[in-house]
Amino acid sequence: MSVAFIIDPIASLDPGHDTSVALMEAAQQMGLEVWVTEISQLVIRDGQAWARLAPVQLVPAQLVAGQWQVASPWFHLGTPEWRSLEDFTAVWMRKDPPVNTAYLYATYCLDLVNPQKTRVLNAPAALRHANEKMYGLRFSSVMPHTLVSSDKQVIREFVQRQGTAVLKPLGGKAGEGILFLQAGDRNLNSMIEISTQQGQLPVMVQEYLPAAKEGDKRIILLNGEPIGAVNRIPTGDEFRGNMATGGRVAAIDITERDRHICQVLAPSLRQDGLYFVGIDIIGGYLTEVNVTSPTGIREIDRLSGTRLAEQVMAGVVG
């Protein structure tokens, strides 16, 4: 049995942080062959999806005194070769955003993988349709007040009603481009104009939740069921809790409110083929549904003593 991972260049990954590395390690420890490729190496031949992949051997990170210790080098690549993706038990699409034209074309390639032979995670059609900001709008009962618009006046009126708000690019990642908006700010018009590219690009604007100061909770869902969580807490003058922006991480429990939110999402996630998902919750409200390359497993395992990657891979190939 073998598993293929479509990722960013492997040398660019952080083995002490990236969930993709944790999943690859778990697959290797289960005795599976692990192969890696990039979206630029996908091709269609005679109606079948192929890729130029390289086998990889990983030196698993070790948890020592509460920190991940990584070998150098931590991976060894074999000789790349062209293979049909249907040769693999599973194919993980773990390319980081942005979901741009190249990314979308890659999902069209993955559409041609026969699901009776090979499992593709997450489902290619779902990756196209489930924008990580807008997918949550299907579940408005558990979301904060939210607006999507490119109209400056509409956005200004929303901010004035709320007093404070958070603006998010619809295609952003890792906190990039997120702005704190406040009614009366003399820079408000400029921030809206820049973010919407002068009214040409819609953005998401949500009411600011004061509970954000206490943390932005990431919950990992496997087939709609929550299996672990980590809290990301803003530091210094930063209002964003994203780990990429310097947020501090802390162990946290999954509450009954969190479970209720997961139950609301679960039927749609399962129906759409979104098997491995990370949701963000602030103050008991869903703010995002991350489907492209959700992260957090390394931090959860380190803080909570779990082995989530092994649980995830067992569910995929079991």
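Scope of this entry: the structure provided in the associated data block. A quick note: this is a predicted structure, and the numbers were derived from the prediction, not measured. (Residues numbered from 1 in each chain as written. Predicted model: local features only at pLDDT ≥ 70, side-chain atom pairs only at ≥ 80, totals over all residues. Heavy atoms only, no water.)

## Focus on unusual backbone geometry
Most peptide bonds take the trans form, and the phi angle of most residues other than glycine is negative. The omega torsion of the bond from S72 to P73 falls at 0°, within 30 degrees of zero and hence cis. By the secondary structure assignment, P73 is in the loop between β6 (67–69) and β7 (75–77). Look at the link from L121 to N122: it is a cis peptide, with omega at -20°. Phi angles above zero are rare outside glycine, and Q197 is one such case at about 50°. The topology assignment puts Q197 in the loop between α5 (188–195) and β14 (203–207). Although it is not a glycine, Q198 sits at a positive phi angle of roughly 60°. Position of Q198 relative to the elements: it lies in the loop between α5 and β14. Taking relative accessible area as the criterion, Q198 reaches 58% and is therefore assigned exposed. (Helix = DSSP H or I, 4+ residues; strand = E, 2+ residues; numbered from the N terminus. Buried < 20%, exposed > 50% of the residue type's maximum accessible area, 1.4 Å probe, protein only.)

## Looking at the pattern of salt bridges
One pass over the full model with this rule turns up 15 salt bridges. Across the pair D258 and K217 runs a salt bridge whose closest N-O atoms are separated by 2.5 Å. Within this pair, whereas D258 is found in helix α6 (residues 256–272), its partner K217 is found in strand β15 (residues 216–222), the two being separated by 41 residues in sequence. There is no split in this pair, since D258 and K217 are both buried. When salt bridges with common partners are traced through the structure, they connect D216, R218, R232 and D280 into a single cluster. (Salt bridge = Lys/Arg side-chain N within 4 Å of Asp/Glu carboxyl O.)

## Examining the packing of helix α4 (residues 152–162) against α5
Contact geometry for α4 and α5: axes closest at 10 Å, N-to-C directions at 130°. Taken together, α4 and α5 sit at an angle that is classed as oblique. Read as a crossing pair, α4 and α5 show a hand that is right-handed. Between α4 and α5, the residues in contact are K152, I155, R156 and V159 and L188, N189, I192 and E193, respectively. In terms of residue class, the contact of α4 with α5 is made up of four nonpolar, one polar and three charged. (Axes fitted to C-alpha atoms, helices over the stretch in contact; angles between N-to-C directions. Parallel < 35°, antiparallel > 145°, perpendicular 65-115°, else oblique. Left-handed = near helix turned anticlockwise from the far one by under 90°. Contact = heavy atoms within 4.5 Å. Nonpolar A, V, L, I, M, F, W, Y, C, P; charged D, E, K, R; others polar.)

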